[in-house]
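Results of the structural survey
Listed below are the residues making up each chain.
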Amino acid sequence: MTQIGSCAICLAPAEQKCGNCQWVHYCSRDHQKQHWKTHKQYCTPATVKTDEKYGRYLEATRPIKPGDVILKESPLITGPAQVTPPVCLGCYKMLEEDKTVPCNKCGWPMCSSECSARDVHKPECFYTQNRGEKVKISTYGVPHPNYQCITVLRCLYQRDHDQKLWSKLQALQSHCEDRRDTDKWNNDRKMVLEFIWKFFKLETTFCEEDIMKCCGIIQINGHEVPLLEPEYVAVFDKISMVEHNCRANCNKSFTSEGDIILCAGSPLSPGTHISVCYTDPLWGTEARRHHLADSKFFECTCERCSDVTEFGTMYSAVKCKKKNCKGYLLPETFILPILHKTTSPDPKTRGLDNKFWKCPVCEDAVSDAIIQQLLQDIGKELSALPKEDPDACERFIEHCSGYLHPSHYYITDAGLALAQMIGQQHSLGLAGVSDDRLLLKTQLCRKITTLLETLGPAETRLRGSLLFELHAAVAETGRRKSLLDGPMVMLGYVTESRKILSESANLLRHEPVELPEGQVARQARINLIQMDDLIEKLSNALPSPL
Ligand SMILES: C[S@@+](CC[C@H](N)C(=O)[O-])C[C@H]1O[C@@H](n2cnc3c(N)ncnc32)[C@H](O)[C@@H]1O
């Protein structure tokens, strides 16, 4: 069916759309030509499609290279996170007692009078003034219930103040039927809906359906923006169309201004579904699938979830315990129906005793309940590890290696923490760690970055940060070797380290300086210049072949 929109120039009903992005309508070729100067800045190499499984999704319209920006857009709505200590409702900075300026119209504490005057603060200011009594916040630094409803209230405000924005928000997925009666739904009813009705006296203004739908729109489409601590929430328009894949081909990052950027992580040919990972790609398949079912209301059947070996990485595999067997146990499938409104896989209530994990080498079979118990115990051990303790981390990895595949998610998780810890705690940095630890860091960084290339090629933030760690370890190894074998061995190591660093800088190039990854990217650019200098000096010092 042809969709009728309104012409971007004259607003007349229009059937034709931009052939590339299929987003903007035109009534005539003349108006399309006239609009091109503006539109070409926003015309994206992706278009919205619909099907039964995904609903609306984005598809590439032309070949896209890794690193290409597919979309960049400003939020439709921003607001504080649902559970947050008091933050400025203009800029989201955390508020400190005695350093706040109450908005003179509504009393909400702000960081400055400039922030009170920001448009973003208008909705709660408007409804607080109508309520007839100013807000008074007296506890800071801990989550405050008054903030739970703010982002929802800001959505609701648009109904009577910005029809276009309201329509865009209302068109987003909210899964109202699936959410009904979940714990989150019941909490939202109490902490958001009742607060809006009672505190703001809006019982006759906004009905239950409108409020709960806005809660759903934020739950399904909201992004936590990590530019500040605590994070705030933003809902975007086009980015909301991007589907999930556990081995996504794109990633999102934020600009310092809070815009979102969607970037390709692998080459995309026309017709490819554009995807990001809605969950943590470093979790095991069961945890990812449960998280998606509980928070986004679909059961993931992507290529990664469908392949128990996770592209041959054996990321969820458990060691076979039959005597002398060197095989690994895996279930036949991870794609089992998940009962909605449950939380995580609980070995006691799964009732899956008739499911088995099998070893292809010795054909042994172990019941799912036994495996779940083992994984639960190891998971508990991992969460109880003391923070910032590399020895404890190393002991955990050694112990778990008796039960799990070397690339198992629990071992990878601990390995990642260990790789980042080595060198961080020493006042001399990597120069202060033992040769063994330096080698371990190098091996862990290499192993996990390679694993990430397979499991999450678009996870550029983590891969870029780990490659930065790796470049430092390789350079330090070179420095130590040169002390024994003379300065010339250094050249090979520095050249390798520079290559790794250049990849890291490239992967992190969109990260804003507010994020640790943006700081790493900045340092990487500085190090690159220094390394080029060093490589030149070492090359010039090489004896001439003549
Ligand atoms: C942010 S929205 C994406 C746009 C949505 N498809 C729409 O039509 O508005 C997230 C929702 O899309 C659907 N979805 C996204 N990725 C999916 C996937 N891999 N499999 C099934 N459904 C998916 C789910 O309903 C999910 O809650």
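Owing to the predicted nature of the structure, the values given are computational and were not obtained by experimental measurement.

Glancing now at the nonpolar core. If you look at the biggest cluster of nonpolar residues, it comprises 71 residues, and the most contacted ones within it are L262 and I274. Not counting the four nearest positions on each side in its chain, I274 is found in contact with A46, L58, E59, A60, I70, V242, E243, N249, C250, L262 and L268. By size, the runner-up hydrophobic cluster in this structure holds 52 residues, among which are L282, Y315, L385 and C393.

Right, let's talk about the site of the ligand for a bit. Around the ligand sit 15 residues, and of these Y54, R56, H175, H244 and K296 come closest. H244 places a polar main-chain atom, nitrogen or oxygen, 2.9 Å from a nitrogen atom of the ligand. Protein chains shield 92% of the accessible area of the ligand, which is 560 Å² for the free molecule. Contributions of two or more residues to the shell around the ligand are made by β6 (55-60), α8 (208-221) and β13 (243-244). Tallied by class, residues from the shell around the ligand come to 5 nonpolar, 6 polar and 4 charged.

With antiparallel pairing, 4 strands are arranged side by side in an open sheet as β17-β18-β19-β20. Whereas interior strands pair on both sides, the edge strands pair on one side only; in this sheet they are β17 (318-319) and β20 (365-367). Lying on the sheet, helix α11 (residues 368-383) is in contact with β17, β18 (328-331), β19 (356-358) and β20; it crosses β20 at an angle near 70°.

Bringing the UniProt feature "domain: MYND-type" (unreviewed entry) in the chain into the picture now. Per the UniProt entry, the sites bearing "domain: MYND-type" (unreviewed entry) are residues 7-43 in this numbering. Its end C-alpha atoms 15 Å apart, residues 7-43 is made of 30% helix and 16% strand.

The rules we used
- Residues numbered from 1 in each chain as written.
- Predicted model: local features only at pLDDT ≥ 70, side-chain atom pairs only at ≥ 80, totals over all residues.
- Heavy atoms only, no water.
- Core = buried A, V, L, I, M, F, W, Y, C linked by side-chain atoms within 4.5 Å.
- Buried < 20%, exposed > 50% of the residue type's maximum accessible area, 1.4 Å probe, protein only.
- Contact = heavy atoms within 4.5 Å.
- Near = heavy atom within 4 Å.
- Polar contact = N/O pair within 3.5 Å; in protein donor to acceptor, adjacent residues only side chain to side chain.
- Areas by Shrake-Rupley, 256 points an atom, 1.4 Å probe, with all protein chains shown as cover.
- Helix = DSSP H or I, 4+ residues; strand = E, 2+ residues; numbered from the N terminus.
- Nonpolar A, V, L, I, M, F, W, Y, C, P; charged D, E, K, R; others polar.
- Pairing = 2+ DSSP bridges.
- Axes fitted to C-alpha atoms, helices over the stretch in contact; angles between N-to-C directions.
- UniProt positions renumbered as here; feature names shortened; annotations may be inferred.

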